2 protein chains.
Amino acid sequence: MADFDLIHSLVRQTDSRIVLLVLDGLGGIPHPETGRSELDVAKTPNLDRLARSSLTGLSLPVGHGITPGSGPGHLALFGYNPVEHLIGRGILEALGLEMEVGPGAIAARGNYCTLDDSGVIIDRRAGRMSTRTNQELSTRLGSLAIDGAEIAIGAGREHRLAVVFRPAPGSPSATVGFIDALTDNDPQREGEMPQEVTAVVPEAESTERVVRDFLWQAGEALRGSHPANGVVLRGFSAMPHLPLMPDTFRLNPAAIASYPMYRGLAKLVGMKVLQTGDTIEDEFETLRSSWNDHDFFFLHYKATDSAGEDGDYHRKVQALERLDRALPALLDLDPDVLIVAGDHSTPTAMAAHSWHPVPLMIRSRWSPYGDAEGFSERECARGILGTIPATEIMPVALATAMKLDKFGA
Amino acid sequence: MADFDLIHSLVRQTDSRIVLLVLDGLGGIPHPETGRSELDVAKTPNLDRLARSSLTGLSLPVGHGITPGSGPGHLALFGYNPVEHLIGRGILEALGLEMEVGPGAIAARGNYCTLDDSGVIIDRRAGRMSTRTNQELSTRLGSLAIDGAEIAIGAGREHRLAVVFRPAPGSPSATVGFIDALTDNDPQREGEMPQEVTAVVPEAESTERVVRDFLWQAGEALRGSHPANGVVLRGFSAMPHLPLMPDTFRLNPAAIASYPMYRGLAKLVGMKVLQTGDTIEDEFETLRSSWNDHDFFFLHYKATDSAGEDGDYHRKVQALERLDRALPALLDLDPDVLIVAGDHSTPTAMAAHSWHPVPLMIRSRWSPYGDAEGFSERECARGILGTIPATEIMPVALATAMKLDKFGA
C-alpha cells in the first residue's frame, strides 16, 4: 500500500499535467464460449497503440478477491487506502446530486416505493417511476417541517432520492451534530414492511427521533399517491474526513464527469468539479478548454460499467470502441502522464462488479516501455508494472510526471 | 497480506464447494544437468489440462527468501498470516498423533535415542527402531508418576514420540497452566549428552521441575533397554489460539489427510478431520463419499515432499504422475473452485524444503483464464495471478466461489 506520508514529503508542484482517464468497470473475463474478453474483441486501435508505448499492468482496487463498490474503487485510484477511508452510501448519493452535506449533517440514500394497504412494500422502485414525478414528490417532501432539523431532498433518476438532515440552528443537536449510527428502514426486500430506524448507540437517539419524524410525515404526505406512496432510506452517513489532493499531492486537480456520483467523489478529495456534457466527447472538450487551469484531470467514462452491469457483452464492446474513437481529442493534448485505468472490473459474464484485477496503462516520456501488444487483460497481465495495488498508481504517475523528489541522500 | 477482518466482514455462507489440494513440497528447481524441473519432466496430462483452464501463478508461503516448515506453509494456505500465528513443534507432533493437548498443557516432540555408558548420544534415532518397540516403551513411560503433572506419551513412527504435560488437578500449576518457555534437552547432534531442560523465564520454573522429573524417571525406566535407552525432547509448546475457519470464513471445512501432522494442523483451524486411508486414491474416495457434508475440503498429498526430502528426482516425478493418474476422481466431482497448491517447494536438488515460490492454479467458472500451457514453475510464473502471498489464495478462492460480498457502495 502506498505510503501517503512519504509521498507527501516528496511531492512538489510542477507544470507537468497528469490525466487519469477512468473507464468505469473496465476489466472483463474471457467469454465462456469464445474465450475472449470484451477488450480482446473491441476494435480499439488508439488504446492498443497507446498500450504499445505505455507502462502496462493490472491494478487491484482493494485486494485479491475483493469486489469494490464505486467509492472504494475510485478512492484507490486517487491514491487513498479504501479500507481506511470509508464513504457511506448516503454521502455518495447526496454528493452525486450536488447536495451540500456539511459538518453535523447526515445523508441517506432512498427509494420511493409502493406500499399496499397494510403498509407492506410491494414494489421497492415504485415501478421505476418517472424522474419528473420524483421531482414533484421530492419538492413536496422538502417542504415538510421537522422539529429540530432542516431537511433537503435530492431527486435522483427514476425512484431514487437522497435526504440530508441538518440540525436546525439552536436545536439540541446543533452543537454536536447528528450522529449517523442508525439502522436502515429499507428492508431491501419486497413483501415486508419498512423497518423502524433505530439508534445503535445512545448518542444517536435524538437523530433517530428526527429521522422517524421525517419518515412519519413523509408517509402522510405521500398517502394516496400512485405509484409512489412510501419512502425507504438506507446508508445513513456523515461526511468522511479525507485528506485533500491539493494538500497531499500539491496538485490543482479537476474532475470531468457526467455522472453525479463521480463528481461527488471527486469533490470529497478536493478536486474542482468542472461543468461538462453527457458524452465522452463533451468531457474531452471540457478537458481541452480547461487545459491551462489545472495540473491533474480525472475523467470518468460510465458506459463500460453500465453495459457490464447489464450483462450486455456487445454493448460493452461498443462502449470501448466509442471511447477509442473519441480518444484522439485527448491524445492531441499530449499530457505528460496519461493513465488509463478502471475503478474495478465489471465482466458482462457476471453482470456485476467483480474482484478481477483491472487493466492499467500509464503513458509518459519517462516510462517508454510498450511491452504490451494491445490493451487487454492478458496483455496487461504480462506488463512490466505487474499486478499492483491501485493506490500505487498515483505515486507512479507523480514520479513519471517528475513531481517527486529523491528520498534520502 | 490479506486483510482477515475485511474478508470476515464480507464472507457469506453459500452452497458452492472449494477443494484445496495440497501437493506437499510441490515446487522444484531446474535439474542442474537437464535444466528441467520435476514438474517439467513428469507426464501429467490432467494437471496440464487443468492449468490451461485455470488462473495460474506462484505462491509465497511466508515471504521472499523464507523457507517454511510444514506449519507455516499450511497456515498460509488456510489464509492465516504464518508469522503472526506460530505453532510449536511439540504441538504439531502431538496433534499429529491425535493427542489431546488442551489449555494449560504443553507438548514436546521427542526421539528415542541410544546413549553410551557415559550418557553420550551415539544414535539420535535409536537405529530407526521399530514402531512396535516404540509403542511398548511409550506404554512404559506413560505409566510414570510425575509429581504435579499428568503425562501422556504418543508413540509415532519408528523412534518418534510426543509427550504432553498436563498440570495435575489441585497442583500448583493447575490454575495458571504449564509455561512453554523451556530450552530443549535434545542437542540435535550425536556425540553429545542431552542438555538440561531450563526455564528461560521465572514463570516457567515449576514447569521445568516437572519436565526434569519426567526425563530423570524416563532415563531410569529405559535403563538397559536396547536400542533405545534414552529420550530427547524439543519444541516445548502450548496450544496456539487460532481463529477458526468456520467463524472467520463461514465455512464448514473438512480435512482429508493420511499423515497425522496435517490432520492436526487442520484441527487447529477448526476443520473436521475425516477418516481416510493411506493413498491419494483413498483420499479422493473419502472426498466423494463426504461431498455433500462440507463446503471446503483440504486434501493433503505427502509423496511429493517425501521424495523431495530424499533428493530422489525420479521418485518425485513418479509421485506427480501418480497424483495425476488419480486426479480424474476429483475432477469428476466438478468443484466450484479447485485449488492445486503446495505448502512450500522441496527441490530434489536440495533434498530439503526451500524458499522458492510454489506453482499454483485455481480453476473456477469465474476465472476462466487458462494462460499457462501446462503446470510447471515456469508456466505458472507467467500466469495472470502473478506471484502472490499464499495467504491471498483463500480470498481469491472465496471470491471465485461467489462467497464474498461487495466492499463499500
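Residues numbered from 1 in each chain as written. Chains lettered and ligands numbered in written order. Predicted model: local features only at pLDDT ≥ 70, side-chain atom pairs only at ≥ 80, totals over all residues.

S.K.: Help me out: how do you make sense of the overall build of chain A in this one?
M.R.: Broken down by element type, chain A carries 15 helices and 13 strands. A globule of 409 residues ought to have a C-alpha radius of gyration of about 22 Å, and chain A, at 23 Å, matches this closely. Put simply, chain A has 409 residues, and 55% of those count as buried. A fraction of 71% describes how many contacts in chain A between residues 6 or more apart in sequence connect residues 24 or more apart. (Helix = DSSP H or I, 4+ residues; strand = E, 2+ residues; numbered from the N terminus. Rg over C-alpha atoms; globule rule 2.2 N^0.38 Å. Buried ≥ 20, exposed ≤ 12 C-beta atoms within 10 Å, placed from the backbone. Contact = placed C-beta atoms within 7 Å.)

S.K.: What is the right way to look at the pairing of strand β11 (residues 337-341) of chain A in this model?
M.R.: Put simply, side chains in a regular strand alternate between the two faces of the sheet. Residue and element names in this part refer to chain A. Judged by how many residues are buried, β11 sits mostly within the fold: five of five residues are covered. Summarising the sheet, strand β1 (residues 18-23) and β11 pair through five bridges and their orientation is parallel. Of the residues in β11, the one forming a bridge with I18 is V337. (Pairing = 2+ DSSP bridges.)

S.K.: Explanation requested: unusual backbone geometry in the structure shown.
M.R.: Glycine aside, the phi torsion of most residues is negative, and most peptide linkages are trans. With omega at 0°, the peptide bond leading from H226(A) into P227(A) counts as cis. For E98(A), which is not a glycine, the phi torsion comes out positive at approximately 60°.

S.K.: So what exactly am I meant to see when it comes to the interface of chain A and chain B here?
M.R.: Accessible area lost upon the coming together of the parts serves often as the stated size of an interface. With 27 residues of chain A at the contact, the number on the chain B side is 21 residues. Counting residues per element, the side of chain A that touches chain B draws most heavily on helix α4 (residues 70-77) of chain A, at three residues. Looking at the side of chain A that touches chain B residue by residue, the class counts come to 14 nonpolar, eleven polar and two charged. (Nonpolar A, V, L, I, M, F, W, Y, C, P; charged D, E, K, R; others polar.)

S.K.: In this structure, what is going on with the sheet that holds strand β1 (residues 18-23) of chain B? I would like to understand it.
M.R.: All names here are of chain B. The sheet built from eight strands is open, its strands ordered β9-β8-β10-β1-β11-β12-β2-β13 with mixed pairing. Here the strands that pair on one side only, and so sit at the sheet edges, are β9 (272-273) and β13 (386-389). Summarising the sheet, strand β2 (residues 55-60) and strand β12 (residues 358-364) pair through five bridges and their orientation is antiparallel. Its bridge partner being in β12, G57 is matched across the sheet by L360.

S.K.: Even after reading the chapter, I still don't get the domain arrangement of chain A, so can you show me in this structure?
M.R.: All names here are of chain A. Taken as a whole, chain A is organised into domain 1 (4-87 + 243-400) and domain 2 (92-238). When each unit is reduced to the centre of its C-alpha atoms, the spacing between domain 1 and domain 2 is 33 Å. At the interface, nine residues of domain 1 touch five residues of domain 2. If one sorts the elements of the side of domain 1 that touches domain 2 by residue count, helix α9 (residues 260-268) sits on top with seven residues. (Domains from an automatic or database assignment.)

S.K.: Is there a simple way to think about the relation of the copies chain A and chain B in this case?
M.R.: Both copies of the chain are placed relative to one another by a rotation about an axis and a shift along it. Mapping chain A onto chain B calls for a rotation angle of 123° and an axial translation of 0.5 Å; the resulting RMSD is 0.3 Å. Viewed as a symmetry operation, the transformation between the two copies matches a three-fold axis. (Least-squares fit on C-alpha atoms with pLDDT ≥ 70 in both.)

S.K.: Help me understand the pairing of strand β10 (residues 296-301) of chain B in this model?
M.R.: All names here are of chain B. Counting buried positions along β10 gives six out of six residues, so the element sits mostly inside the fold. Side-chain alternation along β10 places F296, F298 and H300 on one buried face and F297, L299 and Y301 on a second face that is also buried. As defined by bridge partners, β1 adjoins β10 across six bridges and the pair is classed as parallel. For L21, the partnering residue across the bridge sits in β10 and is L299. The pairing of strand β8 (residues 253-257) with β10 spans five bridges and is parallel.

S.K.: How should the sheet that holds strand β2 (residues 55-60) of chain A be read in this particular structure?
M.R.: The pairing of strands in a sheet comes from backbone hydrogen bonds and takes either a parallel or an antiparallel form. Residues and elements named next belong to chain A. The mixed open sheet is built from eight strands, whose spatial order is β9-β8-β10-β1-β11-β12-β2-β13. Edge positions in the sheet fall to β9 (272-273) and β13 (386-389), since each of these pairs with one other strand and no more. Note: β11 against strand β12 (residues 358-364), four bridges, orientation antiparallel. Across the sheet, residue I339 finds its bridge partner in β12, namely I362. The sheet strands contacting helix α10 (residues 280-289) are β8 (253-257) and β10 (296-301), and the helix crosses β10 at an angle near 170°. (Axes fitted to C-alpha atoms, helices over the stretch in contact; angles between N-to-C directions.)

S.K.: How should the packing of α10(A) against helix α12 (residues 313-326) of chain A be read in this particular structure?
M.R.: The angle between the axes and the distance between the axes are what describe a pair of packed helices. All names here are of chain A. Contact pair α10 / α12: the axes reach a minimum separation of 10 Å and the direction vectors enclose 30°. Comparing their axes, α12 and α10 come out roughly parallel. As α10 runs across α12, the sense of the crossing is right-handed. In contact with I280, E281 and F284 of α10, α12 contributes R322, L323 and A326. Class assignment of the residues belonging to the contact of α10 with α12 gives a composition of four nonpolar, no polar and two charged. (Parallel < 35°, antiparallel > 145°, perpendicular 65-115°, else oblique. Left-handed = near helix turned anticlockwise from the far one by under 90°.)

S.K.: Looking at this structure, I do not really get helix α15 (residues 393-400) of chain A. What am I missing?
M.R.: Three- or four-residue spacings in an α-helix give side chains the same orientation, since the helix completes a turn every 3.6 residues. All names here are of chain A. Counted residue by residue, α15 has seven buried out of eight residues, so it is predominantly covered. Within α15, the full set of buried residues consists of I393, M394, P395, V396, A397, L398 and T400. If you follow the buried residues of α15, they end up packed against α1 (4-10), β1, β2, α4, β11 and β12.

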